[in-house]
Amino acid sequence: MKLKYLAILALGLGSLIGGQASAEELTIRVGYPGVGVDNRPYGYGDSVSIARVGEYLENEFKNDKDIKIEWTYFRGAGPELNEALAAEKLDIAAGLGDLPSIVGRSRGLETKFLLPASERGSLYLAVAPNSDIDNIDDLKGRKVAQFRGTNLQIATDAVLEAHKLTEKDIKFVSLTTGDATAALAAGNVDASFGGEEYLDLAKRGIVKIVYASKKDKPIFGTNSAVFVTADFEKNHPDLTQRITNAFVKAAAWGSDEANRQAVFEAWAKSGVPAESFADDFDGQPLARRNTAVVDEFIVARYKEKAAKALQYGLIKKEVDVDSWFAPQYLENALKELGLEDYWPRYDAEGNKVASGRVEVAAQ
């Protein structure tokens, strides 16, 4: 009886220990708002996509046998990623655009802003080669494709407002990036707002570009960031720090002009040609887009776009931007990695107020 009791006790202890070991296993679930050409699991135009190609997260946790990284790419972009956040299926929203993140926060999604993923992303207006549309003003009454609910929408609305137009003046059709490109090429829409994906089509004479935000005021364009869910940050502040460190490392590499062509080739894994990124960045430093710092400019953009989203009726209540940021993780990462003065900093209007080491190194 005594031996039988000891055997049962040993079995019970073994199950308990096994259960504890299993409980320590963790999968960090990372979501990205978009897919590449033909549904490739790669994005482009931001430091998150550099981190993905370079496996920065995976390398950060390569010695942690019980921690795994799981990437999910959402064809439905920001709105679909928000649904996954609401269903508690993600821990990190990497590269989530400004509008969908603002919409999610207005609806009660509890996230924390860790660092920018892309700043001043380009917005292009593409039309057919023989179109009589020459500028933004010519869009009134036209049928225009746009990926609604993404950061393209709020950026477009801001540009329209600057030209004394609103969404009511245009017949918008909500299409994904790929479908919008196809619709424009087939003549099913008069124009389409999008990103770098139109540059290759323009080079081949399939479309012509009649507006580029990079030639406009610095406040126009798109923004995206890396967010952590409030629950994950509360339960795993140590892992949140390491995740931030990994993304900052990717941003630093992606801001170095010595890596310019390698950055474009990394983004080209999405299926968008590297030449398109070279064209998009012509005359622009990598560090302006791939910065990891939260300065007055990025804070002002999120406050402005939150206010505009309310004004345009895209959200129903005000969003508190100030309490959204969790600056301690980024500050720790910059200090630990010796990158505190690496990037230039800008004021709310986009004027440079401090130079960065990355610029000096490029000269």
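Computed from a predicted structure; not experimentally measured.

1. Digging into the packing of helix α10 (residues 237-255) against helix α15 (residues 327-336)
Interhelical geometry of α10 versus α15 gives an angle of 55° and a closest axis separation of 9 Å. Taken together, the axes of α10 and α15 lie oblique to each other. The interaxial crossing formed by α10 with α15 has right-handed handedness. In this structure, α10 contributes Pro 237, Thr 240, Gln 241, Thr 244, Asn 245 and Val 248 to the contact, and α15 contributes Gln 328, Tyr 329, Leu 330, Asn 332, Ala 333, Leu 334 and Glu 336. Residue composition of the contact of α10 with α15, grouped by class: six nonpolar, six polar and one charged.

2. Notes on the sheet that holds strand β8 (residues 191-194)
If you walk across this open sheet you meet the five strands as β7-β6-β8-β5-β9, and the pairing is mixed. The open sheet terminates on both sides in strands that have one partner only, identified here as β7 (171-174) and β9 (208-212). Across this sheet, the average inter-strand angle for adjacent strands is 25°, counted without regard to direction. As defined by bridge partners, strand β5 (residues 124-127) adjoins β8 across four bridges and the pair is classed as antiparallel.

3. A few points about the packing of aromatic side chains
Under the criterion given, the structure shown has 13 aromatic pairs. Relative to Phe 281, the ring of Trp 267 has its centre 5.6 Å away and its plane inclined at 35°; by these criteria the two rings are tilted. Taken together, the residues Trp 267 in helix α11 (residues 260-267) and Phe 281 in the loop between α12 (274-280) and α13 (286-290) connect sequence positions 14 residues apart. Accessibility classification places Trp 267 together with Phe 281 in one group, the buried group. An aromatic cluster is present here, built from Tyr 44, Phe 264, Trp 267, Phe 277 and Phe 281 joined pairwise through their rings. A cation over a ring is seen here: Arg 120 above Tyr 346, with NZ or CZ 4.4 Å from the ring centre.

4. Remarks on unusual backbone geometry
For Asp 38, which is not a glycine, the phi torsion comes out positive at approximately 55°. Structurally, Asp 38 can be placed in the loop between β1 (26-32) and α2 (47-54). Phi at Lys 164 is positive, roughly 60°, even though this residue is not glycine. Mapped onto the fold, Lys 164 is located in the loop between α6 (151-162) and β7.

5. Section: the pairing of β7
Sheet faces and side chains relate simply in a regular strand, where the side chains alternate between the two faces. Where strand β6 (residues 143-146) lies against β7, four bridges are found, and the strand directions are parallel. The partner of Val 144 across the bridge, within β7, is Phe 172.

6. Let's talk about the side chain of Arg 52
Secondary-structure assignment places Arg 52 in helix α2. Despite being buried, Arg 52 has no salt bridge partner; Glu 58 is the closest side chain of opposite charge, sitting 4.7 Å away. Sequence-distant contacts of Arg 52, defined by excluding residues within four places in its chain, comprise Pro 41, Tyr 42, Trp 71 and Tyr 73.

7. With respect to the confidence of the model for the chain
In the predicted model, the chain carries a mean pLDDT of 91, and 93% of its residues have values of at least 70. Per-residue pLDDT stays below 50 along residues 1-23; that stretch engages in zero contacts with residues further than four places along the chain or on separate chains.

8. Let's talk about the environment of Phe 247
Position of Phe 247 relative to the elements: it lies in helix α10. Distance from Phe 247 to Ala 117, taken between C-alpha atoms, is 8.4 Å for residues 130 residues apart in sequence.

9. Considerations on the sheet that holds strand β3 (residues 92-97)
Strand order in the open sheet formed by five strands is β2-β1-β3-β10-β4, and the pairing between neighbours is mixed. Since the sheet does not close on itself, it has two edges, and those belong to β2 (67-73) and β4 (111-121), each with one partner. Going from strand to strand, the sheet's axes swing by 15° on average, the running direction of each strand aside. Relative to β2, β1 is paired through seven bridges, and the arrangement is parallel.

10. With respect to the environment of Tyr 329
Within the secondary structure layout, Tyr 329 lies in helix α15. You can call Tyr 329 buried: its relative accessible area is 5%. Between the alpha carbons of Tyr 329 and Thr 240 there is a distance of 7.5 Å; along the sequence they are 89 residues apart. Tyr 329 has contacts with Leu 114, Glu 233, Pro 237, Thr 240, Gln 241 and Thr 244, leaving out every residue within four places of it along the chain.

Cut-offs and rules
Residues numbered from 1 in each chain as written. Predicted model: local features only at pLDDT ≥ 70, side-chain atom pairs only at ≥ 80, totals over all residues. Heavy atoms only, no water. Axes fitted to C-alpha atoms, helices over the stretch in contact; angles between N-to-C directions. Helix = DSSP H or I, 4+ residues; strand = E, 2+ residues; numbered from the N terminus. Parallel < 35°, antiparallel > 145°, perpendicular 65-115°, else oblique. Left-handed = near helix turned anticlockwise from the far one by under 90°. Contact = heavy atoms within 4.5 Å. Nonpolar A, V, L, I, M, F, W, Y, C, P; charged D, E, K, R; others polar. Pairing = 2+ DSSP bridges. Phe/Tyr/Trp six-rings, centres within 6.5 Å; stacked < 30°, edge-to-face > 60°. Buried < 20%, exposed > 50% of the residue type's maximum accessible area, 1.4 Å probe, protein only. Lys NZ or Arg CZ within 6 Å of the ring centre and 35° of its normal. Lys, Arg positive; Asp, Glu negative; His and termini not counted. Salt bridge = Lys/Arg side-chain N within 4 Å of Asp/Glu carboxyl O. pLDDT = per-residue confidence, 0-100.

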